[in-house]
Amino acid sequence: MRPLDHLVLPVADLMTARQRLSALGFTVAPDGLHPFGTGNCCVYFADQTFLEPLTIIDRDAYENAAAAGNRFVLGDRTFRDARGAEGFSAVVYGTADAASDHVAFAENGCSAGKMLDFSRSMVLPDGSSGVAGFRLAFAGADPAGDVFAFTCQRVNVPPNGRTTLTDHDNGVLGIREAVFVHRHPHDVSSFLRVVICGDATVSASGDGLSFASARLTVLTPAAFVDTYGLELHEDAGLTGGLIMFSVASMVELDTILTRAGIGYFRRGPLLLVPPLAGQGVAFAFSEV
């Protein structure tokens with residue numbers, strides 16, 4: 001299976017996202033700007049995954065990119081138009097050859113359009129700067145609705161750019177699982193198998209699919225509510241339900257959240273934080 005690379009969280013603005021994520025105990029990277037009008041403030045983890053809170057920085061550049069067929073911008077705009085400025089819009093997997101992925105997506109009838117090559121400047125933790133290059137291949141399918149997926153190849157990334165950014169006060173070590181919701185999980189199984197390049201395990205009750213190595217699960221709405229006790233706004237397509245993190249110590253996490261006045265609740269061994277502005281989607285924490 002392709003390795004999980006990152007998860008995209010649309011947000012209304014980066015300042016609110018930075019404040020919210022910092023209050024949750026995450027170390028947030030300096031703001032990054034894409035050449036097509038979007039910007040991010042990423043949260044990197046020691047397991048080589050990361051969160052990408054994403055907003056629109058330059059509306060003119062954004063709309064021009066959409067008009068030119070930029071699939072990243074089109075995916076983001078489709079999501080925002082349908083679901084608003086906050087949410088969980090995309091799951092991204094790592095690859096060493098995005099061009100081959102693009103061909104495979106087309107052969108399997110789930111290509112979402114042309115590839116995207118771009119580069120952007122990066123400010124490293126030591127104050128130095130560099131230029132990072134990326135090549136993306138996009139997948140899409142009708143059952144997936146407004147959520148999209150792509151693979152990401154790093155063409156030129158400055159070395160050791162994340163090392164000091166992966167230490168978080170809340171003790172989070174990485175992304176354990178991305179949980180999506182769909183009324184009929186099997187309807188998206190073929191699409192996800194192509195994206196992830198691997199097979200899923202069907203739950204014993206038949207109410208979900210799990211791509212364990214790819215850290216992705218799809219549950220029915222009823223199974224999601226029963227499992228996590230969270231409110232769910234159902235959608236006809238694939239919906240981002242929550243992101244589960246591996247944490248070193250639940251005691252330390254509890255202390256940080258209590259000190260910051262952040263509401264949370266327990267569900268069995270999990271600690272769950274409902275979504276607020278800047279967070280995009282519910283967060284769950286599981287102690288290692």
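Caption draft 1: Just the sheet that holds strand β16 (residues 270–273), in detail. Taken in spatial order, the eight strands of this open sheet run β11-β12-β13-β10-β14-β17-β16-β15, and their pairing is mixed. Two strands in the sheet have a free side with no partner beyond their single neighbour: β11 (201–202) and β15 (265–267). Here four bridges tie β16 to strand β17 (residues 282–287), and the two strands are oriented antiparallel to one another. Within β17, the residue paired with Leu271 across the bridge is Phe285.

Caption draft 2: Inspection of the pairing of strand β13 (residues 216–219) at higher detail. Of the two faces of β13, the one lined by Leu216 and Val218 and the one lined by Thr217 and Leu219 are each fully buried. Taken together, the four bridges between strand β10 (residues 172–181) and β13 define a ladder with parallel strand orientation. The residue of β13 that forms the bridge with Phe180 is Val218. The pairing of strand β12 (residues 208–211) with β13 spans four bridges and is classified as antiparallel. For Ser210, the partnering residue across the bridge sits in β13 and is Thr217. What sits between the antiparallel neighbours β12 and β13 is a turn of four residues, in which Arg215 has the positive phi angle 60°.

Caption draft 3: Spatial organisation of the pairing of strand β9 (residues 148–156). In terms of strand pairing, strand β6 (residues 90–94) meets β9 through five bridges, oriented parallel. Paired with Ala90 across the bridge in β9 is Phe148. Strand direction decides the pairing type here: strand β8 (residues 129–139) and β9, joined by seven bridges, are antiparallel. Bridge pairing in β9 links Ala139 to Ala149.

Caption draft 4: Representation of helix α1 (residues 14–23) within the structure. Those residues of α1 not exposed but buried are Leu14, Ala17, Arg20 and Leu21. Axial view of α1: buried residues confined to an arc of 130°, hence all on one face. Facing away from the buried side of α1 by more than 90 degrees, the exposed set consists of Met15 and Gln19. At its buried positions, α1 is contacted by β3 (38–40), β4 (43–44), β5 (50–56), β16 and β17. Between the side-chain oxygen at the start of α1 and the backbone nitrogen of Met15 there is a gap of 3.2 Å, and the oxygen is on Asp13. Once α1 finishes, Gly25 follows within two positions and takes phi at roughly 95°, a positive value.

Caption draft 5: Just the environment of Ala137, in detail. When you line up the elements, Ala137 lands in strand β8. Accessibility expressed as a relative area gives 0% for Ala137, which makes it buried. Distance in space between the C-alpha atoms of Ala137 and Gly37 is 19 Å, their sequence separation being 100 residues. Excluding residues that lie within four positions of it along the chain, Ala137 makes contacts with Ala98, Asp101, His102, Phe105, Met115, Ala149, Phe150 and Thr151.

Caption draft 6: Fine view of helix α6 (residues 221–228). Burial in α6 covers these residues: Pro221, Ala223, Phe224 and Tyr228. Projected down its long axis, α6 shows its buried positions confined to an angular sector of 165°, all on one face. Looking at the buried positions of α6, the neighbouring elements they touch are β10, β13, β14 (239–247), β15 and β16. Positioned one or two residues after α6, Gly229 has a phi angle of 65°, which is positive.

Rules and cut-offs
- Residues numbered from 1 in each chain as written.
- Predicted model: local features only at pLDDT ≥ 70, side-chain atom pairs only at ≥ 80, totals over all residues.
- Heavy atoms only, no water.
- Pairing = 2+ DSSP bridges.
- Helix = DSSP H or I, 4+ residues; strand = E, 2+ residues; numbered from the N terminus.
- Buried < 20%, exposed > 50% of the residue type's maximum accessible area, 1.4 Å probe, protein only.
- Arc of directions from axis to C-beta.
- Contact = heavy atoms within 4.5 Å.
- Polar contact = N/O pair within 3.5 Å; in protein donor to acceptor, adjacent residues only side chain to side chain.

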